[in-house]
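Chains, contacts and geometry: an overview
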Amino acid sequence: MVTTTRSARRWIAFLVFALLPFHEATGISRAADGAPSPQRPNVLVILSDDQGYGDVSAHGNPVLKTPNLDKLHGESIRLTDFHVAPMCTPTRGQLLTGLDCLRSGASSVCAGRSFIRRGTPTMPEIFRAAGYRTGHFGKWHLGDSYPNLPHQRGFEETVYHLGWGITSMADVWLNDCFDGRYSRNGGPVEKFPGYCTDVWFDLAMNYMRASSAKQEPFFVYLPTNAPHGPHWVADEYRAPYKGKGPDAFFGMIANLDENLGRLDSFLHETKLHDNTIVVYFNDNGGTAGVKTFNAGMRGHKTEYYDGGHRAICYIRWPAAGWKPHDIGTLTQVQDLLPTLADACQVRLPTDARLDGTTLLPLLSGARERLPERTFVVQYGQNPEKWDSCVLRDKWRLVHGKELYDVGEDLAQEKDVAAAHPEIVRQLREHYEKWWAQIEPRLQDFSPISIGAPQENPTTLTAADWTNVYCDNMKNLREGLNENSSWHLLVEQPGEYEIELRRWPREADAPIAGGVPKFQAVVGQPLPAGKALPIRTARLQIGAGFDESQPVSGDDKAITFRTSLSAGKTVMQSWFYDADGKQLCGAYFAYVTKK
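Residues numbered from 1 in each chain as written. Predicted model: local features only at pLDDT ≥ 70, side-chain atom pairs only at ≥ 80, totals over all residues. Heavy atoms only, no water.

1. Overview of the overall build of the protein chain
Filter applied, for reference: Note on conventions: DSSP H or I runs of at least 4 residues are helices, E runs of at least 2 residues are strands, and numbering of each starts at the N terminus. Here the globule rule is a power law, 2.2 Å times the number of residues to the power 0.38, and the radius of gyration is based on C-alpha atoms. Exposure classes here rest on a 1.4 Å probe applied to the protein chains alone. A residue is buried below 20% of its type maximum, exposed above 50%, and partly exposed in between.
Per the secondary structure count, the protein chain includes 14 helices and 29 strands. The C-alpha radius of gyration of the protein chain comes to 24 Å, within 12% of the 25 Å expected for a compact globule of 594 residues. Seen along its three principal axes, the alpha-carbon backbone of the protein chain occupies a region of about 75 × 50 × 50 Å. Counting every position in the protein chain, which comprises 594 residues, the buried fraction comes to 62%.

And the structure:
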C-alpha cells in the first residue's frame, strides 16, 4: 500500500517532483514567471462495459471494425499491461478511489458489496474541491440509494441508470436501450429520446460545452453500459457482423465507436481537443467476443488469468506533448486517480493512502520505468483467501499456486511454479501481508441508509442481499429461490413502514402472480415471469422484530409496521408456500419513515 501525501507521491515517482524541473516531470508548461499555466487541463474518462482487450480492430480482431477507436489508439499512449478487476463494480470503485476493491468495500457487482465505504474520498470529490466541474453520464453501479448515488459522491451533474444496466434488478421496470428512462441528480426518472450510448455522449458533450463556455475546467466520467447485455442495438450496426460472430455485441461496439468519432469532432470544433486528457479503458475481461478473438489470452470476465483482468488503456494529452507509444510497464486502474491528480495539479487529501501510484513520469517521458511493483487482483461477493492473481512484472501467481510467465507464455498454458519456487515464495509472501490488512474488514458491510431526510422512502432490492447473487431480470422472472439479509443503517429513530413485494411497484402485479414477457424495441424479449404459490410473508429486523402475515391471491404488497432505533441493523424477508417451504425472499422492499 502506498502513502500518497504530496511528499510521499514525490518519493514514489523516483522523487520526480523534487529532482526535476516541473515541466520536465509533468509536461505542463509554466508562465514566464515560473507559475503554473492558469489553463488547467480538462479530464474525460471513458469506460466501456464488458468490452474485452481483443474487441478492438487495432488489437488484431479479424472481424470487428473500430476505426475511431483505432484512431484514438494511434494518437495515445497505450498501457499494454494494464489491469482492472475481472468484474465491473470493483473496477469502477478502484478507478474512483485509487484503492483495491476489497479495501474500498466495492468488491462485487451485488451481494451487499457494491458500495464504496463512507468517508472514502472519490475522484470527483477531489477534483471538485480543486475547482473542477464534475459530470457523470451513463453507468454507475456503485449503489442505488442514499448516500451512494453519483451526485452524493462528488458529481455536480449526473444522469444514470440504476443497477448494472438496463434490465438489472434495480433498474426501472421495463426499461429499454431505446428512449430509456434515467435519473438526473437523484430526481424522478425521465425519458431520454435516442439510443442509450448516443444519449450518454450527447449529455457529456453538452456538459463539456457548457463548462468550456464558462472557462471552467471539467472532469467528465463517461461510463457506457454498452456493450454489456442486453444486446439490443439497431440492425444497421449489427448487420455487418451477422454470421461472423456475436453480431449484436459487435454492433453495440460499432455504435460506441461511431460515438467516439462524434466526440473527436466535437473536441476539435470546440478547441477542447489539445488540453483535454482523454482516458479510454474497459472494465473487465472479454465476454461475448472472446470466441472470435481474445488477443492470445486465456481468461475472460470473472477469471484471474490474463484476458480476465488485462484491459485496454489509452491516454491522450496533446497539449502536454505526450507522443503516442506503447508502455509495457505493469500498471493498474488504481493508478489513474493519482496520475490524473498529478497531471492536473490537484492535491490529494493529506491523509490519503492509495494502492495506486502516479504514472506521470512514465507518461511524460521523464522516466522509462517505475520501481518493480507487486499487486493483487481480487474481487468477489464472498472473498476467500487465495482466490486471486498476484502480479509482478510478467509473473502471474493464480489461486496462490499456479505460476505463469506471460512474457513467454501469454496464453498461460504452462504452469512453471515447480521451476521457480523462489518467485512463488515471494509472491505468496506479498499476498499474505496484503490479506492480513484486508481480511479484518471483509464482513464489515457498508449499510444502506433508511429513514434519511435525503431519501424517504428507500427502495431495497435483492441485488443487495448479503453474499448472494440475485441481480437481474432472469433471476426475478424465474423466481430464483435465493435469500439473504440487507445490512441497514437506521438514520433516525421512529416509526417505520416496510412494504414487501415480489415485483416492483411499477409492475403493479400480485405477489403470487406472474407477469407477461417484455419485447424491447429490438432484440430478444424478456421471458414471462412465472407465478409462485406464495401464501405467507415474513419479516425479521435485528433481534427485536419477527412477524408473519398471510398472502392472498390478489395481494400486491404486504406491509409491516414497527418502531426502530437509530443505528446499524440487519433485515431479512421470506415468502413461503402453504406448507411453510421457502420459495424466495421479497425481491423488493420499500422502507418509509413515518
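That covers the picture; the talk isn't over yet.
2. Re the pattern of salt bridges
Applied cut-off: We count a salt bridge whenever a side-chain nitrogen from Lys or Arg sits within 4 Å of a carboxyl oxygen from Asp or Glu.
Scanning all chains against the criterion turns up 36 salt bridges. A salt bridge links Arg 184 to Glu 157; the shortest N-O distance between them is 3.1 Å. Placement of the pair is Arg 184 in strand E7 (residues 181-184) and Glu 157 in strand E6 (residues 157-160), with a sequence separation of 27 residues. Overall, the relative accessible area of 29% leaves Arg 184 in the partly exposed class. For Glu 157, a relative accessible area of 19% gives the class buried. The salt bridge involving Asp 335 is made with Arg 373; its shortest N-O contact spans 2.8 Å. In this pair, Asp 335 sits in the loop between strand E14 (331-332) and helix H11 (336-343) while Arg 373 sits in the loop between helix H12 (360-364) and strand E16 (374-377), placing the two residues 38 residues apart along the sequence. Of the two residues, Asp 335 and Arg 373, both sit in the buried class.

3. Observations regarding the pairing of E6
For clarity, the threshold we go by: Any two strands are treated as partners once DSSP identifies two or more bridges connecting them.
Judged by which residues are buried, E6 turns out to be covered on both faces: Glu 157 and Val 159 on one side and Thr 158 and Tyr 160 on the other are all buried. Strand direction decides the pairing type here: strand E5 (residues 133-138) and E6, joined by four bridges, are parallel. Across the sheet, residue His 136 finds its bridge partner in E6, namely Thr 158. Two strands pair when backbone bridges link them, and E6 and E7 are joined in this way by two bridges, in the antiparallel orientation. Residue pairing across strands places Tyr 160 opposite Ser 183, the latter belonging to E7.

4. Observations concerning the packing of aromatic side chains
Going by this rule: Classification of ring pairs rests on two measures: the distance between centres of Phe, Tyr or Trp rings, Trp counted by its six-membered ring, which must be within 6.5 Å, and the angle between planes, read as stacked under 30 degrees, edge-to-face over 60 and tilted in between.
Evaluation of the coordinates by the stated rule reveals 25 aromatic pairs. On the numbers, 5.8 Å between centres and 80° between planes, the contact of Phe 82 with Phe 281 is edge-to-face. Highlighted residues: Phe 82 in strand E4 (residues 82-83) and Phe 281 in strand E10 (residues 276-282), separated in sequence by 199 residues. When its relative accessible area of 0% is taken as the criterion, Phe 82 is described as buried. Where Tyr 182 meets Trp 200, the ring centres are 4.5 Å apart and the plane angle is 45°; that geometry is what we call tilted. Taken together, the residues Tyr 182 in strand E7 and Trp 200 in helix H8 (residues 196-213) connect sequence positions 18 residues apart. Side by side, Tyr 182 and Trp 200 carry an identical accessibility label, which is buried.

5. A few points about the sheet that holds strand E19 (residues 402-405)
Stated formally: An axis is simply a line fitted to the C-alpha atoms; with a helix, the fit covers only the stretch in contact. Between two such axes, the angle follows the N-to-C directions and lies from 0 to 180 degrees. The contact criterion used throughout is that any non-hydrogen atoms of two residues lie within 4.5 Å.
Taken in spatial order, the four strands of this open sheet run E16-E17-E18-E19, and their pairing is antiparallel. Each of the sheet's edge strands pairs with one partner strand only, and the pair in question is E16 and E19. Taking each pair of neighbouring strands and ignoring which way they run, the sheet shows an average axis angle of 20°. Of the pairings in the sheet, the one linking strand E17 (residues 389-392) to strand E18 (residues 395-398) comprises four bridges and is antiparallel in character. Bridging across to E18, Leu 391 finds its partner in Arg 396. Sheet contacts for helix H13 (residues 421-438): E16, E17, E18 and E19; angle to E16, the most-contacted strand, approximately 65°.

6. What about the pairing of E5?
The buried count for E5 comes to six of six residues, which makes it a mostly enclosed element. One ladder, built from four bridges, connects E5 with strand E9 (residues 218-223); its direction is parallel. Counted as the bridge partner of Thr 134 is Phe 219 from E9.

These values are about where atoms sit, not about what they do.
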